[in-house]
Each structure stands twice: as structure tokens, then as C-alpha cells.
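Here are the chains, one letter per residue:
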Amino acid sequence: MKPIVIAIDGPAASGKGTLARRLAAAFNLPYLDTGLLYRVVARRVLDHGGNPADPAIATAQARGLGRLDLGRDDLRTPEVDLAASAVASIAAVRAALLDFQRNFAASSGAVLDGRDIGTIVFPQAAVKLFITASLDVRAQRRFAERQIQGHTATLDAVRADLAVRDEADRTRTAAPLRPADDAHVLDTSALDADHAFAAAAAWVNQAL
Ligand code: C5P
């Protein structure tokens, strides 16, 4: 059987990461959280005192990705959220990260989640899912995660950060966040993780 690619896109805190991990385990596929690539590039730019919106600096870091450490534990801070969104709007940064993502799935298929997996990275993916949820629900989820991590941001600040990032991701010219024409769209505002998984697994099974 040809290795299958499951492409999962959607805005921040839509539940796509949880769903992607569950699908990867259920269908025995490797999983890549592609947001980590943009986060690690952003983190490296910040570590070097650079401006994440500077194309030359951000692109140099993206080209050095092979040496970057995706396992760093300081990639999910509010500062990195915004810096990742800034580096992600630079077309040359996105181009530098394409081969890594495509090679990841080359031998055994994969589940990848991000913003442009079904539209740009794997337009031929066997299954494309676009996961959404209302801004309020997403803010609640992200706020709860941040509290567990020990961050002190208020719910209002978390909601505002998500709204800014979503707007930037949707309106940028390089690979804007949008569902592929053939994506299954799933709104998880009123769905728990089990129901979201059941719906997605049914679509995957249809494609096998
Ligand atoms: O998914 P996560 O919130 O970790 O992604 C961080 C940022 O990286 C997003 O706000 C988005 O700007 C960018 N990103 C992207 N394309 C992807 C994955 C993430 O532009 N495939």
C-alpha cells in the first residue's frame, strides 16, 4: 500500500494537534507538528537578538533547520507565538522548510498538522482535514494549557493573542490559512476530543 498522508490544518488551539496525534497512533503513522518548525526558527532568531520580521535573518535560520532542535522546551511562550507568526509570513522561510516536511512523509507516510499542509505542502494528500472552533472556545483551551505550564497571562490576553495570529495567518500572501477545496471541515466548538477523533477516523477509513 502507498504511504498515506493525512493533512490537518486550522487556526491555533482548534484541537488539530490532539486530533493529529490520535490519528497518527490509530493509523500507525509518524506525526509532525509543523508549527514547531516555525517556532524553532523564531526562537533561534530571538536568541540571536534578531527581528523575526527580518527576511534575511529569519531565512538564514530556516535554512539551518537540519541543525535545529525541535525538542526544545521553550517554544510555546507568548513571545514565540508572535515571532513564529512573523517568520511564517516570509515566503523564503516557508520555502526553506518545504523539503523537511515532504521528506518527513516520504518513506512511511505521515500525519502533519499546520496551516498550509493540504494547500501547499501536500496538495495530493489522501485525506485533508480543516479543524476550526470559535475564538472563545479556542481561547479557553489555550488559557487552560498555559495555566498548566505556569504562565500567568489572562484569558483576555490569550484571546487577543490568538485573534492577532489568526488574522495574520489568514491574510498573509504567502500560504494563507484556508481550507483546501477538497478538505473535510470539522468545527470542534461543541465536540470533545473523542467525537472529533471518531469523525476524522471515519473520513480516513473512507480514503484507505
Ligand atoms: O501551530 P502553531 O500555533 O504552533 O504554529 C505557530 C505559527 O506558525 C502559526 O501562528 C503560523 O503563523 C505558523 N505556521 C504556519 N504554517 C504551518 C504551521 C505553523 O504558518 N504549517
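Residues numbered from 1 in each chain as written. Predicted model: local features only at pLDDT ≥ 70, side-chain atom pairs only at ≥ 80, totals over all residues. Heavy atoms only, no water.

What follows concerns the overall build of the protein chain. For the protein chain, the count of helices and strands is nine helices and five strands. Reading the helices (α) and strands (β) of the protein chain from amino to carboxyl end gives β-α-β-α-α-α-α-β-α-β-α-α-β-α. Compactness check: the protein chain gives a C-alpha radius of gyration of 16 Å against a globular reference of 17 Å for 208 residues, within 12% of the reference. Based on the C-alpha atoms only, the size of the protein chain along its principal axes is roughly 50 × 35 × 30 Å. (Helix = DSSP H or I, 4+ residues; strand = E, 2+ residues; numbered from the N terminus. Rg over C-alpha atoms; globule rule 2.2 N^0.38 Å.)

On to the site of the ligand. In the vicinity of the ligand, 16 residues are found, and the nearest of them are R39, R94, R115, R165 and D169. T34 is positioned with one of its side-chain polar atoms (N or O) 3.0 Å from a nitrogen atom of the ligand. Note that an oxygen atom of the ligand is positioned 2.9 Å from one of the side-chain N or O atoms of R165. The pocket occupied by the ligand, as judged from atoms lying within 2 Å of grid points, is the largest pocket. When contributions to the shell around the ligand are tallied by element, the ones reaching two or more residues are α2 (35-47), α4 (78-88) and α8 (155-171). Residue composition of the shell around the ligand, by class: three nonpolar, four polar and nine charged. (Near = heavy atom within 4 Å. Polar contact = N/O pair within 3.5 Å; in protein donor to acceptor, adjacent residues only side chain to side chain. 1 Å grid on protein atoms, 1.4 Å probe; cavity = no way out; pocket = protein on both sides within 12 Å on 5 of 7 lines; lining within 4 Å. Sits in = over half its atoms within 2 Å of the grid points. Nonpolar A, V, L, I, M, F, W, Y, C, P; charged D, E, K, R; others polar.)

This paragraph deals with the UniProt feature "binding site: ATP" (unreviewed entry) in the protein chain. Mapped onto the present numbering, the UniProt feature "binding site: ATP" (unreviewed entry) falls at G10, P11, A12, A13, S14, G15, K16, G17 and T18. In the annotated set above, the residues contributing to the lining of the largest pocket are A12, A13, S14, G15, K16, G17 and T18. Following the sequence through the fold, K16 ends up in helix α1 (residues 16-26). For K16, a relative accessible area of 8% puts it in the buried group. Contact partners of K16, with chain neighbours within four places excluded, come to I8, D9, G10, P11, D113, G114, R115 and I131. A polar side-chain atom of K16 sits 3.3 Å from the main-chain carbonyl oxygen of P11. Within the element layout of this structure, G17 appears in helix α1. Under the relative-accessibility criterion, G17 is labelled buried at 17%. (UniProt positions renumbered as here; feature names shortened; annotations may be inferred. Buried < 20%, exposed > 50% of the residue type's maximum accessible area, 1.4 Å probe, protein only. Contact = heavy atoms within 4.5 Å.)

Next up on the list: helix α5 (residues 91-106). Here α5 is 16 residues long and its end C-alpha atoms lie 23 Å apart, about the 22 Å a rise of 1.5 Å per residue gives. Of all the bends found along α5, the most pronounced is centred on L97 and spans about 30°. Here α5 has its buried residues at V93, R94, L97, L98, Q101 and A105. (Expected span 1.5 Å × (residues − 1). Bend = angle between axes of the 7 residues up to and from the residue.)

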